[in-house]
Each structure stands twice: as structure tokens, then as C-alpha cells.
Amino acid sequence: CHCSDHIFDVITSPQVLPRFCSTQETPKDPPAAPSPYQERPWEYLESEEYRATYGDRPVWHGYRRNHKGSVPPQSPRKACLRRGRRVGNPCPICRDRNLLVDFRNVKLLDQFICPHSGVIFHPIHTGICMKQHKRLSQAIAQAQDHGLLWLQVPFVPVPEEDFSNQHAAVGKTPPAPALREPGQAWYPWYEWQQPPAAEVARMRRLYRGFLKEDYPDTPPSPSGK
Amino acid sequence: MAALAARGTAALPARLRPLWALPARRALAAAAGEGKAAQPKPAFTDEAVQTLLYKMTGLDLHKVFRPEKKGLKPPHYKLMTEAQLEEATRKAIEEAKTKLIMPPVLNEREPIDDVLAEDKILEGTETAKYVFTDLSYSIPHRERFIVVREPNGVLRKATWEERDRMIQIFFPKEGRRVIPPTLFKDEKLGTVFQQDRHEDVLNMCIAQFEPDSPDYIRVHHRTYEDIEKHGKYDLLRSTRHFGGMVWYLLSRKKADGLLIDMINRDLLDDATSLITLYHMLHPECQSAKEAKEQKLEGVDLIKVFVKTESQREGYIQLALQAYEEAMATSSAS
């Protein structure tokens, strides 16, 4: 098979064993260089490198989980990169640093959608980890939203309603009387309303012992209004 | 298998006539100027217009019932006699006609900006707007009262956008999202048109927007413009959007491209109905007057139209010539 080196450089870099009693710092692995296709991930799928590695087949073709026994694990791996450490045998997307899940590289997203039924393949079928599957589903939804990816449009029959917009809920209502003259208050009780004289007299009789002699019938208007 | 590619339909059954037809504009005839003819401009919903549009749309059963991408199931076979097959074809044609009912063509709706109350006493009490929606189940959505109380105490009716959002939240409709998909924006529509997905865009538009909303009208006009620019009329043939497209093009006197396309595909009946509809829409143009005087039919009608009204005279003449030659050779052989 024509696998180029960049796929397996992640795993075959020599791991230095930790020396617990040593005073020297153990040399850590150099941080992985970012992919050259960071800004334009769709260009990788047109390149010679990709063609040599994968040919015409989808990126997940031929990937196999390592497991004991004849029955493969029925649930996908949670993540290929846990606490900064890579698992052995990473999933088809995690093992190639140039394959970036982005809503713009439609060709990569297309490889994970069934051409007959239009559903996304189950992660057990393709072998990718749960984290990448979640990112992939979100990218596919975003690409469909932007119109880059095909989407099955359900048939919605023509609405049968009255479009004349004559009903009061959506048509014009005449403004309230208070709004027509700007000086007038909205509700009459926003302004002082003199109660009837009988009521005033009744109140005065009730609270006779407590009211001042010269308590006015109409309160003075507040200054400045 | 001639029945499967049946072109042209019989008289439109009563139940399929558009139920959303607006009341006839009685005032228009009265308000027309004194010197003008008494006939008002034909509307989209008129019987004659609808019959012509349905005839032009055609009925290709293979396209209407094309397979859609769904979950896979094993195929289902039926053994039928000739009579049963005819019965099944007839039922399929009936169902196809319901699928081809045209969506409404309306003017843009008037914005709602009515203030119901102003309560200055509430100013400063709240920091957010409150939207009150009437959730009674059995009232139509257009009669539902939705009002908004602003933080400054004003109680106003909700705008059309707010109304659509609230109704979608409380009474979700299939295929409609609360926030419309990004592909309806002007810059994104171009990508979809490059993939030849005009029909999908229009179907999604019907599902997402109300027929009188500005977004619906804008998306439809953009789609029709793009189709006319690239001549992709066949994408919408045998779909429910063809009638709307023809109406849009004829209102703007852009019938040439469509005419050439019809002649190239040997659809002379459709071409004549297109010209008839053009004359109904623009009765004051010269070809309409000539056709009325001389009572022309068929190819002569097209020739008169080409001489007087069209901008691409040369192309149409060439297409007509090619058609006539093809007819001559086929009749000779």
C-alpha cells in the first residue's frame, strides 16, 4: 500500500522512557506541526499526496479497529486524543493531520454520507471516534444550511389561508382617542380627578378627629409640572 | 407508455382551483381612468390564466414521482392487468395534479406598526420586552393576536417577523425553522444556483416563508432571474413553480428565452399559449392588436410576435426554421 509517511509519523516517533530519579528533564515529544492546509482544507483533497494515499476510495476504507476475539466493539471510541496522548491506531480522520473537518470541504463530508439514503454513516461503520463524529455531524448540518451540500427537501403543500390581511390582528387598527391629541393623558386617572362632594364629606366625617382644620379638598399640584 | 408522458391536462377540476384566490377587484374597474378600456388587468388567479399556465407546466409523471433519498427498503412488485394498470395511471395523474397546484403570487405585505396603548407609568420597571401570544388552538394564524410590551411602556402589535417567529415556536410547522437557513441570503443563493438546485430552493422557500413576505418574493425573483439568465427553463417544467416563473417573465416582457426553449423542444402548443397569455397581459402592444384583428392561430401568432415585440428576433427565426425543416423531413419520411 502506498501510505505516505505523514500518516504514521504520529505513532512511530520514538518514545523516551521516563527516568524517575534523574535530575535532567525528560525530552518531551515536539508539538505536532499544524497542517499546511489549515486555511483551505479543501485543497488537500485535490492534491497528489491525497491521491497517492487514498486513491479513489473514501478515507475510512480499510480502517479496522484492533480488538480481541471475532466480534468487533459495537460502540465507537470516545476520542483519539485523550489528555494530550494519542491512542494506538487512531481513527481515519485523526490519523491524518491534513484532513480537517470543516463545513467548506464538501468532498470530505460527502464521503461520510450514504449516496443512496442520504443519512450520515454510523461511526461504527466508518471507524471514526465519537468526538470526530460529533464535529462531522455539525459540519454537515452547517454545510446543508449554507447550501453547499445537498439536502432532501420535504414536500410542503401550498398553504390555504386568507391572505387579505383584513382581520384586526394583522390589519390596521385606528389609534386610541388619547393618542390623537398629544396633550391628553392616556387614561383619565393619570391626572387628578376631583371626587364627588358627597364622598369628600363622608371622608371628612369619618376621619374628623384626625384631619387638620384647613386640609384642602384638592391637593396642590406639584411644582414644576 | 404515452399516458405516462401526458402533456397538457384536461379542464381543471373544481377542487384544485386555488382556494387562496383573493376577492375580485371590483373597485379597479370603477377607478380606471375615463379614457381607458373597461377591462381590468388579468390577475394570476383568473380561470383563463390558470388554465394556460397549467397547460404550459405539463405533467411528466416520471419527474413528479421521481425517487427521493430515503431509508432503503426492498423493492415492491405488483402484477396487474391492463385495466388495473390504466386505473393506477389515472390515480397517479390525479395525485400529480394535486402536487402541481401553484403557490400564490401576492404583493408584499404592509408592515404592522400599530400602537395599542402607552403606559408611561410602566417606564423603568422592566429591562426586557414581553411578547404576549394568543395560544388558542382553533384560530387561524392570521387572526392570532400577538402584542409586544416594550420597556418604555408602549404596547404595540408585533411586527410580521416577530409574528412568524412566535407562531413557529408555539405551533411548529414541518420544514420551517425559527431562524431561516443561511442559504436564503443573497450571497449564498449563487452557490445553490450553480448546483442547479432551483427547484429545491423554491420548495424550501415555500416551507420557510409566508407567500406575502418580502423574503419569499425576493428569493423567487432571484431564482427566476437566474433561470432566465442561463436558460435553464426545463428545471422547473412539470413542477408547481413553472406557472409563477412564466407570470414573472411575462409581466416584465422577457418572453424571448422561454419561447426559444419551447420551440427547440418542439412544444408549439405551449409557445402559442405563451403568446396568448402575453397578449392578455399586455393588450395594448402591437402584436396583440394585430392578432386580434386578423384572428391568428398557431405559428402565425408566433411570427407576428417575433416581428413586432421580441428582442432576439434572429434566434427565434432560426429556431422556427429548424422546427419547420424537422417537421418537413419527418412528414416526408
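Here the structure is shown first, and the text comes after it.
How each quantity is defined
- Residues numbered from 1 in each chain as written.
- Chains lettered and ligands numbered in written order.
- Predicted model: local features only at pLDDT ≥ 70, side-chain atom pairs only at ≥ 80, totals over all residues.
- Heavy atoms only, no water.
- Helix = DSSP H or I, 4+ residues; strand = E, 2+ residues; numbered from the N terminus.
- Buried < 20%, exposed > 50% of the residue type's maximum accessible area, 1.4 Å probe, protein only.
- Areas by Shrake-Rupley, 256 points an atom, 1.4 Å probe, with all protein chains shown as cover.
- Contact = heavy atoms within 4.5 Å.
- Buried area = accessible area lost by both parts, 1.4 Å probe.
- Salt bridge = Lys/Arg side-chain N within 4 Å of Asp/Glu carboxyl O.
- Polar contact = N/O pair within 3.5 Å; in protein donor to acceptor, adjacent residues only side chain to side chain.
- Nonpolar A, V, L, I, M, F, W, Y, C, P; charged D, E, K, R; others polar.
- Axes fitted to C-alpha atoms, helices over the stretch in contact; angles between N-to-C directions.
- Parallel < 35°, antiparallel > 145°, perpendicular 65-115°, else oblique.
- Left-handed = near helix turned anticlockwise from the far one by under 90°.

(A) Just the overall build of chain B, in detail. Of the regular secondary structure elements, chain B holds 14 helices and 4 strands. The buried share of chain B, reckoned over its 333 residues, is 43%. Summed over all atoms, the accessible surface of chain B reaches about 19,000 Å², with 56% contributed by carbon and sulfur.

(B) Region of the structure containing the interface of chain A and chain B. Every contact between the two is made by 38 residues of chain A and, on the other side, 53 residues of chain B. Both faces combined, the contact of chain A with chain B buries some 3,900 Å², and carbon together with sulfur accounts for 58% of it. On the chain A side of the interface with chain B, the three residues burying the most area are Val156, Val158 and Phe163 of chain A, jointly 16% of the side's total. At the boundary of chain A with chain B, the tally comes to 3 salt bridges. Residue Asp113 of chain B pairs with Lys172 of chain A through a salt bridge whose shortest N-O separation is 3.8 Å. Linking chain A with chain B are 16 residue pairs in polar contact (both at pLDDT 80 or more), by the criterion used here. For the side of chain A that touches chain B, the element with the most residues is helix α5 (residues 130–146) of chain A, which contributes 3 residues. The class makeup of the residues in the side of chain A that touches chain B is 21 nonpolar, 12 polar and 5 charged.

(C) Quick peek at the pattern of salt bridges. As enumerated under the stated definition, the model contains 32 salt bridges over all chains in all. For Arg142 of chain B, the salt bridge identified is with Glu210 of chain B, shortest N-O distance 2.7 Å. Here Arg142 of chain B, found in the loop between β2 (130–133) and β3 (146–149), pairs with Glu210 of chain B, found in the loop between α7 (198–208) and α8 (214–230); they are 68 residues apart in sequence, far enough to count as distant. Judged by its relative accessible area of 8%, Arg142 of chain B falls in the buried class. Through salt bridges with shared partners, one network takes in Glu161 of chain A together with Arg109, Arg142, Asp164, Arg176, Glu210 and Asp212 of chain B.

(D) Region of interest: helix α9 (residues 242–251) of chain B. In terms of burial, α9 of chain B is a largely internal element, 9 of the 10 residues being buried. Positive phi appears at Lys253 of chain B, one or two residues downstream of α9 of chain B, with a value of about 60°.

(E) Expanded view of the packing of helix α2 (residues 47–57) of chain B against helix α11 (residues 268–281) of chain B. All names here are of chain B. At their nearest, the axes of α2 and α11 sit 9 Å apart, and the two run at 155° to each other. Considering their axes alone, α2 and α11 lie roughly antiparallel with respect to each other. Where α2 crosses over α11, the two elements pack in a sense that is left-handed. Of the residues in α11, those in contact with Ala48, Val49, Leu52, Leu53, Lys55 and Met56 of α2 are Asp269, Asp270, Ser273, Leu274, Thr276, Leu277 and Met280. Of the residues that constitute the contact of α2 with α11, the class distribution is 8 nonpolar, 2 polar and 3 charged.

(F) The arrangement of the environment of Gln311 of chain B in detail. Residue and element names in this part refer to chain B. With respect to the secondary-structure elements, Gln311 resides in the loop between α13 (298–308) and α14 (313–332). Gln311 sits in the exposed class, given a relative accessible area of 63%. Discounting residues that sit within four places of it in the chain, Gln311 has contacts with Lys253 and Asp256.

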